[in-house]
Each structure stands twice: as structure tokens, then as C-alpha cells.
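# Coordinate inspection notes
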Amino acid sequence: AQSVTQLGSHVSVSEGALVLLRCNYSSSVPPYLFWYVQYPNQGLQLLLKYTSAATLVKGINGFEAEFKKSETSFHLTKPSAHMSDAAEYFCAVSAYFGNEKLTFGTGTRLTIIP
Amino acid sequence: GAVVSQHPSWVICKSGTSVKIECRSLDFQATTMFWYRQFPKQSLMLMATSNEGSKATYEQGVEKDKFLINHASLTLSTLTVTSAHPEDSSFYICSARDQGGPSSYNEQFFGPGTRLTVL
């Protein structure tokens with residue numbers, strides 16, 4: 001079974017400051033990990049994914065995440081927050097290559113302070 | 001890029017009626033589609049996996065007779081909420097796997113969601 005835990009349901013950062021959204025996973029097999037962003041009343045957009053290649057994954061909109069097996073973490077970062085980054089962010093895990101099912105974390109709402 | 005559409009984007013219905021939601025993969029074929037439910041300010045919960053040409057696989061606790069899923073073609077899956085009640089009000093999101101994509105991982109692409117309100 002797989003699960004993800006997102007620490008902090010709400011995160012506020014100032015515009016231009018570092019964004020750090022935390023995700024820890026649990027998986028009995030090597031995981032595939034994802035970060036999605038959701039804007040109000042919209043579906044999910046993939047930010048980035050880890051599928052056992054490089055541990056540092058770069059995504060869209062300047063986001064990146066690092067897979068740390070020893071810490072079972074996959075935290076999302078962005079060096080400089082922009083107002084347009086305000087949204088809900090979901091971490092998700094699937095069990096293995098080609099596995100259909102995604103298990104989502106509870107989400108983190110990111111607010112950007114002008 | 002791969003695009004998934006949903007129709008309608010929002011629907012309001014009376015209690016006891018049935019509502020059909022369509023999920024289409026616009027520029028790729030998807031033998032597998034997924035239906036999720038999202039309550040306000042909560043995460044997505046997988047309801048069922050929809051397979052083209054076969055019966056859907058429902059997650060534990062999801063009433064298959066209430067949430068009817070049909071995946072009649074490689075680009076269309078439908079979710080019908082039968083005899084809807086106010087507790088069925090939610091945001092329903094579908095996703096589709098692009099199994100012909102260039103990536104070695106069959107990524108899921110998400111639709112924009114359908115907001116259902118049952119009065």
C-alpha cells in the first residue's frame with residue numbers, strides 16, 4: 001500500500017521568497033511520485049514527476065523536487081514565489097511503472113503575500 | 001499536449017434525478033480512465049477505474065449501482081450519478097492515461113472537473 005503525507009495544510013510565503021511544500025511518502029515498493037497543482041474550480045496539472053531516474057526533478061513554472069529515499073521525502077521547492085503560484089498543491093504516489101492508481105495527499109494551499 | 005475535457009463543467013439537479021458526466025480524451029486514445037471525487041478543501045479520492053470495453057473497477061465503499069461508469073470508446077468515459085441526493089454534491093474529476101505517449105511512464109492527464117450540486 002502507498003500513502004503520502006503533506007505537512008501543513010496552509011503555507012504562506014512572501015512574493016519573491018522561497019517556497020517549500022513538504023511531502024513524505026510510504027510505499028512497500030519503489031514509488032513513483034508526483035506533484036500536481038490545482039487552481040480554483042479546475043482540474044489538476046502535473047508539475048513534475050519522479051520515476052526512478054534523477055533524484056532531483058525539475059518541473060514547470062520553476063518548481064523542482066528532490067527524491068530522498070533515506071528520508072522518504074519528496075519536497076517541492078521554488079526559489080522565488082510569484083503571485084501566480086497561489087493554488088492548491090497535491091503530492092501523489094503510485095506503486096510502480098505503469099500502475100494505474102494514484103494516491104493523493106491531503107493537499108497544501110499556498111498563499112502568496114504581496 | 002494531451003487534453004482531457006469534461007462536460008458539463010457544472011450541473012445543478014433536483015434530488016432523485018440522474019446526472020451524466022462525460023470525460024473525453026481529445027487528442028489521444030485512452031483505454032483506461034479514472035474517476036475521482038473531491039469534497040470542498042479536501043483531496044481527490046479515486047472512485048473507480050474505467051476500462052474501455054469492460055466493466056469498471058470500483059474502489060471499496062463506492063456504490064457501483066449509484067455511480068454507473070461506461071467506457072464505450074477509446075476517447076469517452078461517462079459517469080452517471082443515479083438518483084442523486086444532496087450528499088452526492090461534489091467536484092468530480094476524471095483522468096485518462098495516454099498509453100501511446102512518448103514517455104516511458106503512462107501519465108495520467110486530468111480533466112477540468114464537473115461540479116455537481118444536488119438540491
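The following refers to the structure shown. (Residues numbered from 1 in each chain as written. Chains lettered and ligands numbered in written order. Predicted model: local features only at pLDDT ≥ 70, side-chain atom pairs only at ≥ 80, totals over all residues. Heavy atoms only, no water.)

So, on to the sheet that holds strand β8 (residues 73-78) of chain A. All names here are of chain A. Pairing in this open sheet of 5 strands is antiparallel, and the strands run β1-β3-β8-β7-β6 from one edge to the other. Both outer strands of the open sheet, β1 (2-7) and β6 (56-58), are each paired with one neighbouring strand and no more. In this sheet, neighbouring strand axes are inclined to one another by 20° on average, regardless of whether the strands run parallel or antiparallel. Taken together, the 4 bridges between strand β3 (residues 19-27) and β8 define a ladder with antiparallel strand orientation. Across the sheet, Leu21 pairs through a bridge with Leu76, a residue of β8. (Pairing = 2+ DSSP bridges. Helix = DSSP H or I, 4+ residues; strand = E, 2+ residues; numbered from the N terminus. Axes fitted to C-alpha atoms, helices over the stretch in contact; angles between N-to-C directions.)

Before going further, it helps to examine the side chain of Thr108(A). All names here are of chain A. Position of Thr108 among the secondary structure elements: in strand β11 (residues 108-113). Judged by its relative accessible area of 0%, Thr108 is buried. A distance of 2.8 Å separates the side chain of Thr108 from the backbone oxygen of Gly8, its partner in a polar contact. Look past the residues within four positions of Thr108 in its chain and what remains in contact with it is Gln6, Leu7, Gly8, Ser9, His10, Val11, Leu21, Ala87, Glu88 and Tyr89. (Buried < 20%, exposed > 50% of the residue type's maximum accessible area, 1.4 Å probe, protein only. Polar contact = N/O pair within 3.5 Å; in protein donor to acceptor, adjacent residues only side chain to side chain. Contact = heavy atoms within 4.5 Å.)

Enumeration according to the criterion identifies 2 disulfides over all chains in this entry. The residue that forms a disulfide with Cys23(A) is Cys91(A), at a sulfur-sulfur distance of 2.0 Å. In this structure, the disulfide formed by Cys23(A) and Cys91(A) twists by about -65° around the S-S bond and is classed as left-handed. One end of the pair, Cys23(A), is in strand β3; the other, Cys91(A), is in strand β9 (residues 87-94), with 68 residues separating them in the sequence. When its relative accessible area of 0% is taken as the criterion, Cys23(A) is described as buried. Disulfide pairing places Cys23(B) opposite Cys94(B) at an S-S distance of 2.0 Å. Between Cys23(B) and Cys94(B) the sulfur-sulfur dihedral comes to about 80°; the bridge is accordingly right-handed. Residue Cys23(B) is found in strand β3 (residues 19-25), and its partner Cys94(B) is found in strand β9 (residues 90-97); the two are separated by 71 residues along the sequence. When sorted by exposure, Cys23(B) lands in the same class as Cys94(B), which is buried. (Disulfide = S-S within 2.5 Å.)

Contacts between chain B and chain A engage 23 residues on the former and 22 residues on the latter. Buried surface at the junction of chain B and chain A, both sides included, amounts to about 1,800 Å², of which 53% is carbon and sulfur. The interface formed by chain B and chain A includes 1 salt bridge. Between Lys101(A) and Glu59(B) there is a salt bridge, with the nearest N and O atoms lying 3.1 Å from each other. Taken together, the connections running from chain B to chain A amount to 4 residue pairs in polar contact (both at pLDDT 80 or more). Here the residues of the side of chain B that touches chain A sort into 9 nonpolar, 10 polar and 4 charged. (Buried area = accessible area lost by both parts, 1.4 Å probe. Salt bridge = Lys/Arg side-chain N within 4 Å of Asp/Glu carboxyl O. Nonpolar A, V, L, I, M, F, W, Y, C, P; charged D, E, K, R; others polar.)

Here we take up the packing of aromatic side chains. Under the counting rule described, the total for this entry stands at 13 aromatic pairs over all chains. Consider the rings of Phe28(B) and Phe109(B), whose centres lie 5.8 Å apart with planes at 55°: the pair is tilted. Remark: Phe109(B) occurs in strand β10 (residues 108-110) and Phe28(B) occurs in the loop between β3 and β4 (32-38); sequence separation between them is 81 residues. According to the relative accessible area criterion, Phe28(B) is buried, its value standing at 8%. Through successive ring pairs, a cluster of aromatic residues spans Phe34(A), Tyr36(A), Phe90(A), Phe104(A), Tyr36(B) and Phe110(B). (Phe/Tyr/Trp six-rings, centres within 6.5 Å; stacked < 30°, edge-to-face > 60°.)

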